[in-house]
Amino acid sequence: MVNHTEELLPPTPGQRVSKFLSRKDVRQTFILGAFFTIVFVVLGIWVYPHWMPNVLSKEMQADEDIMIWFTVISAPIAGVILAIAMESFLNMHRGDTPPEDGIAMRTHTPVVIIWSSVSVLFIILALVWGMVSMNTDAVKAATDAPNALVVDVTGSQWAWSFNYPAQNITTHTLNLPVDRPVTFNIISADVNHSFWPVQLGVKVDANRLTTTVIHTTPDKIGVLDVKCAELCGLYHAYMETSGQVESTTDFNNWVSSIQAQGGTQ
Amino acid sequence: MTTLSHAPVSTRPIPNPKRSLITRLNMGTGIIVGAIFCWGTYYAMRAGRDMTDSHNVNKVLLASMLMWSFGFLVGIGALIGPFRWLIGKDLTAEEQLYLAGDGQGVKRYFKYCTDHKVVGIQYLVGVMTMLGVGGTMAMMIRTNLATPGSHLVTPNVYNSLVGLHGITMIIAMIIVATGPFGNYIMPIMIGARDMAFPRLNALSWWVLFTAIPVLCSAWFLGGIPTGWTAYAPLSDQAGPGMNAFLATIIIFAVSTAVAGMNITTTVIAMRAKGMKWNRVPIFVVGATISVALAIPAFPTFMLAMIQTGMDRTIATGFYDANVGGSGWLYANLFWIMGHPEVYVILIPGVAALMEIAPVFVRKPLFSYNAAIAGFAGIAGLSVLVWAHHMYMSGWMPSLNGPFMITTEFISVPTGLLFLVLVGTLWRGRPWMKLPMLSVYAFLWNFLIGGITGVYLSDVPADNYLHGSMFVTAHFHYTLMGAAFTGAMAGLVYWFPKMTGRMLNERAGYIAFWLIQIGFNVLFLGMFMAGAQGQPRRVADYAFVYEHSNMISTAGAYSVGIGMITLLWAVVHSWRNGKIAPMNPWGAKTLEWTVPYPVPLENFDVEPIITSDPYGYGKAAN
């Protein structure tokens with residue numbers, strides 16, 4: 001006996017959802033999606049701290065956090081895309097003639113709306129995160145400025161030099177005391193360079209005749225690499241130097257030793 | 001349903017322009033006249049000038065290079081038409097038919113030929129040559145970077161390799177889909193008999209052709225030390241090779257403008273009867289949006305280069321801070337071109353894959369409107385994002401926030417492109433041929449490229465990542481992983497229509513996997529180097545980056561072998577491949593309704609369009 005009444009009634013949304021979820025391809029897609037999401041989350045959390053150099057400042061920590069969390073947040077989106085792709089890939093047809101036609105689904109308005117809304121939300125989240133982080137940096141820089149250590153950085157083809165006006169010394173290595181804010185004033189003697197103290201997570205171009213300023217506070221002791229991140233001609237690759245974030249005592253000793261040499265390293 | 005609107009081509013009078021000058025001109029005469037113009041200018045300008053002054057050297061070289069280009073166009077007969085207009089006439093019908101290459105066999109590929117199919121093949125061979133040259137440079141770069149110590153080349157050669165690899169690939173990738181397929185396939189797809197301006201079409205190719213020797217000459221003039229971005233003041237300081245770079249861009253910008261206008265006009269004005277805007281194949285829409293975006297972008301680049309040229313020849317100092325100029329002016333002009341330009345490259349590749357996916361999944365394209373919205377949204381936003389390349393330049397930190405907003409919002413239309421492709425795959429049973437495989441490669445590569453793009457658009461993260469290998473890996477994922485994959489799929493897909501033969505499948509699969517796996521190893525390794533803190537464009541690096549660079553180089557060799565395999569497959573199949581049926585993929589677009597060789601004016605009978613070309617599938621259960 002066939003129950004005609006039941007067949008003629010349109011399915012309720014609940015029935016449609018449960019019918020959708022009971023389909024084999026849908027369940028497989030969900031499993032694949034969960035798998036890819038987990039892979040991306042694990043990669044994001046593991047890869048960047050593993051690859052990136054020592055974190056010697058809050059700015060660097062913020063940079064690394066953004067890379068980790070943006071990967072984690074985008075993991076479900078990547079999961080959906082890769083799951084659908086993988087599901088259809090596994091369902092492939094091989095041979096020299098095309099398979100028979102699939103369903104004639106030209107669009108699905110709710111899906112388009114949901115997809116667009118989710119991507120807008122994702123972007124707003126990323127934007128707010130970025131803006132807040134930028135603002136934190138800016139506020140911190142402004143508060144710290146009065147008691148900051150000032151270092152005037154000059155980039156020239158192909159070396160960095162650092163002038164500490166308060167200490168009256170000029171050096172080729174960048175030594176900084178821990179937990180004291182630093183203000184870098186950067187300028188170029190010739191072409192564009194880009195001042196990049198790698199472990200501090202800040203960077204700005206050195207331009208001819210215009211000073212650019214960046215702020216940071218080293219909060220851990222460790223070795224610093226200073227590189228040039230803007231192609232500046234022949235020996236760009238070798239335009240690098242090193243330095244230290246060290247205790248205040250060590251820093252003062254270092255300053256005194258340079259001063260004893262006549263103020264230049 | 002179709003109607004007869006023109007007599008078939010074959011009944012037209014056979015031309016006999018034997019005695020006319022037009023028949024004697026070809027690529028050879030172009031090169032001879034171009035060389036005469038070039039060397040004539042060189043010796044005429046050298047006379048009496050103090051050639052120890054670099055300004056004079058720059059003047060002479062720039063003028064000689066531009067005169068080469070002009071001379072070539074005179075020599076190949078590009079100016080015969082405009083000259084006739086000057087004396088109040090035009091080409092005769094016979095001459096026009098001759099210019100279209102009627103009955104000239106292989107010779108027409110070396111002439112100023114107005115047939116869009118000939119121009120398409122010329123672009124295809126040109127693009128493959130450029131990709132080969134640029135790829136060889138990439139292999140040299142990766143070989144040099146395999147181990148620390150820069151053993152292969154000197155820093156000067158390395159910097160030139162980086163710059164010339166960059167600009168060669170950028171030029172090749174801009175035309176990689178719109179050149180061959182936009183010219184050969186697109187007019188047939190919309191049911192047109194030729195492009196709107198056939199002579200401009202030939203002009204766009206031959207102008208581009210003249211840029212190739214100019215760019216090559218950079219190598220012999222001491223190379224370029226600036227990378228393809230050619231930032232001032234480094235470019236002011238650079239040696240004579242820089243002139244070749246400037247001249248190349250100026251010439252290329254002319255070619256792009258001409259081609260862009262031509263393709264846009266053709267699509268707007270010459271679609272077949274009944275091909276309403278919602279029935280236009282998606283590749284045509286993508287190619288049109290791409291070239292329309294190039295029309296405002298490239299003049300900015302040309303202007304930036306003209307100003308660099310003026311700084312270098314007559315010391316105007318636009319970009320020289322010492323006399324009141326600003327390098328930031330250059331950076332702005334460059335990136336106002338530079339960011340739309342990456343979408344000029346990307347969109348046709350994606351559009352080709354959107355054209356391919358429905359054919360092989362045998363389902364309609366999912367949400368045609370979302371695809372259009374995606375392309376249009378990207379094109380619209382892309383002109384407002386340029387300064388994200390300058391977050392760390394110090395130009396205007398207060399604008400970093402606004403540019404971050406526009407940049408991140410471009411992910412929304414980009415997300416729609418993903419939706420269209422995965423929606424087309426959804427519940428499908430894909431016919432796993434080579435073009436279809438590229439759709440999957442694209443989804444993976446562009447996903448990685450897209451997510452890393454979001455980090456880079458974020459100002460605090462860019463503090464760390466700007467100018468590092470991470471950026472290099474990111475844009476290779478989008479330009480090579482996405483756009484090149486799309487173009488390669490297009491090549492395999494349209495190969496039967498362009499050559500009459502099927503591409504060798506086995507070699508194609510081998511090439512595909514070597515390229516795609518190698519590509520991912522190469523650039524995932526480069527992401528690692530970037531995250532570790534290796535700056536980009538360095539000839540040498542510290543030992544900490546040893547492993548990531550070795551991984552990259554290993555991947556690069558796989559890509560290299562894959563590319564050679566692909567080249568072999570193309571050349572071999574072109575000559576000896578299996579003869580292709582008229583519609584090997586069972587597609588519904590118009591290009592598969594014409595035979596090979598495609599007749600001179602494509603359609604004996606003008607087609608009439610009654611639906612879009614995605615009418616696959618049966619009703620859903």
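Residues numbered from 1 in each chain as written. Chains lettered and ligands numbered in written order. Predicted model: local features only at pLDDT ≥ 70, side-chain atom pairs only at ≥ 80, totals over all residues.

A. Highlighting the overall build of chain B. From N to C terminus, chain B includes 21 helices and 0 strands. Taken over C-alpha atoms, the radius of gyration comes to 24 Å for chain B, in line with the 25 Å a tight globule of 621 residues would show. In terms of principal-axis extent, the alpha carbons of chain B reach across some 70 × 70 × 45 Å. Going through the 621 residues of chain B one by one, you find that 62% of them count as buried. Residue pairs in contact within chain B that sit at least 24 positions apart in sequence constitute 83% of those at least 6 positions apart. (Helix = DSSP H or I, 4+ residues; strand = E, 2+ residues; numbered from the N terminus. Rg over C-alpha atoms; globule rule 2.2 N^0.38 Å. Buried ≥ 20, exposed ≤ 12 C-beta atoms within 10 Å, placed from the backbone. Contact = placed C-beta atoms within 7 Å.)

B. Representation of the overall build of chain A. Looking only at helices and strands, chain A features 6 helices and 10 strands. Its C-alpha atoms give chain A a radius of gyration of 29 Å, more than 25% over the compact-globule value 18 Å for 265 residues. Its C-alpha atoms give chain A principal-axis dimensions of about 105 × 45 × 30 Å. In chain A, of all internal contacts separated by at least 6 residues, the share reaching a separation of at least 24 is 71%.

C. Structural context of the domain arrangement of chain A. All names here are of chain A. The domain boundaries assigned to chain A delineate domain 1 (14-91 + 110-143) and domain 2 (148-260). Taking only C-alpha atoms into account, the centre of domain 1 sits 36 Å from that of domain 2. Listed by partner, the interface residues are 10 residues for domain 1 and 13 residues for domain 2. Counting residues per element, the side of domain 1 that touches domain 2 draws most heavily on helix α4 (residues 58-90), which supplies 4 residues. Of the residues in the side of domain 1 that touches domain 2, the class split is 5 nonpolar, 2 polar and 3 charged. (Domains from an automatic or database assignment. Nonpolar A, V, L, I, M, F, W, Y, C, P; charged D, E, K, R; others polar.)

D. Local environment of the sheet that holds strand β1 (residues 149-156) of chain A. Residues and elements named next belong to chain A. Pairing is mixed in the open sheet, where 5 strands are placed in the order β3-β2-β1-β5-β8. Here the strands that pair on one side only, and so sit at the sheet edges, are β3 (169-171) and β8 (212-216). Taking each pair of neighbouring strands and ignoring which way they run, the sheet shows an average axis angle of 25°. (Pairing = 2+ DSSP bridges. Axes fitted to C-alpha atoms, helices over the stretch in contact; angles between N-to-C directions.)

E. Spatial organisation of the interface of chain B and chain A. Residue-level contacts link 73 residues of chain B with 74 residues of chain A. Elements with a contribution of two residues or more to the side of chain B that touches chain A: α6 (155-175), α10 (234-237), α13 (327-361), α15 (400-409), α16 (411-425), α17 (434-457), α18 (459-465) and α20 (505-532) of chain B. Per-element tally for the side of chain B that touches chain A: the top contributor is α16 of chain B, with 8 residues.

F. The packing of α16 of chain B against α17 of chain B, seen in detail. Residues and elements named next belong to chain B. Remark: α16 packs on α17, axes separated minimally by 11 Å, with the N-to-C direction vectors making an angle of 160°. With respect to α17, the axis of α16 lies roughly antiparallel. Of the two possible hands of crossing, α16 and α17 adopt the one that is left-handed. On α17, the residues that touch S411, T414 and L421 of α16 are V439, L443, G450 and V454. Across the contact of α16 with α17, the residue classes tally to 4 nonpolar, 3 polar and no charged. (Parallel < 35°, antiparallel > 145°, perpendicular 65-115°, else oblique. Left-handed = near helix turned anticlockwise from the far one by under 90°.)

G. Here's a closer look at the nonpolar core. Membership of the largest hydrophobic core comes to 277 residues, with the highest contact counts inside it found for I81 of chain A together with L421 of chain B. When residues in this core are grouped by element, the largest group, 23 residues, is from α13 of chain B. The contact partners of I81 of chain A, leaving out residues within four places of it in the chain, are F418, V422, L443 and L447 of chain B. (Core = buried A, V, L, I, M, F, W, Y, C linked by C-beta atoms within 7 Å.)

H. Fine view of the sheet that holds strand β4 (residues 174-177) of chain A. Residues and elements named next belong to chain A. The sheet built from 5 strands is open, its strands ordered β4-β10-β9-β6-β7 with mixed pairing. Here the strands that pair on one side only, and so sit at the sheet edges, are β4 and β7 (204-206). Taking each pair of neighbouring strands and ignoring which way they run, the sheet shows an average axis angle of 25°. Inspection of the sheet shows strand β9 (residues 222-228) paired to strand β10 (residues 241-246) by 5 bridges, in the antiparallel sense. Among the inter-strand pairings, L224 is bridged to a residue of β10, identified as G243.

I. Quick look at unusual backbone geometry. All names here are of chain B. A cis amide bond links A232 with the next residue in sequence, P233, at an omega value of 5°. With respect to the helices and strands, the residue P233 is situated in the loop between α9 (198-220) and α10. Here the bond from Y596 into P597 is cis, since omega is -5°, no more than 30 degrees from zero. With respect to the helices, strands and loops of the structure, P597 is situated in the segment after α21 (546-576). At S150, a residue that is not glycine, the phi angle is positive and equals roughly 45°. Residues other than glycine seldom take positive phi values, yet R362 does so here, at roughly 55°. Counting through the fold element by element, R362 comes out in the loop between α13 and α14 (368-382). The class of R362 is buried, set by 22 C-beta atoms lying within 10 Å.

J. Seen up close, the pairing of β8 of chain A. Residue and element names in this part refer to chain A. Residues T212, I214 and T216 point to one face of β8 and are all buried, whereas V213 and H215, pointing to the other face, are not buried. With 5 bridges joining them, strand β5 (residues 182-188) and β8 adopt antiparallel strand pairing. In the strand pairing of β8, F184 is matched with I214.

K. Fine view of the pairing of β1 of chain A. All names here are of chain A. With 7 bridges joining them, β1 and β5 adopt parallel strand pairing. The partner of V150 across the bridge, within β5, is T183. As defined by bridge partners, β1 adjoins strand β2 (residues 159-164) across 5 bridges and the pair is classed as antiparallel. Looking across to β2, one finds that V153 is bridged to F162.

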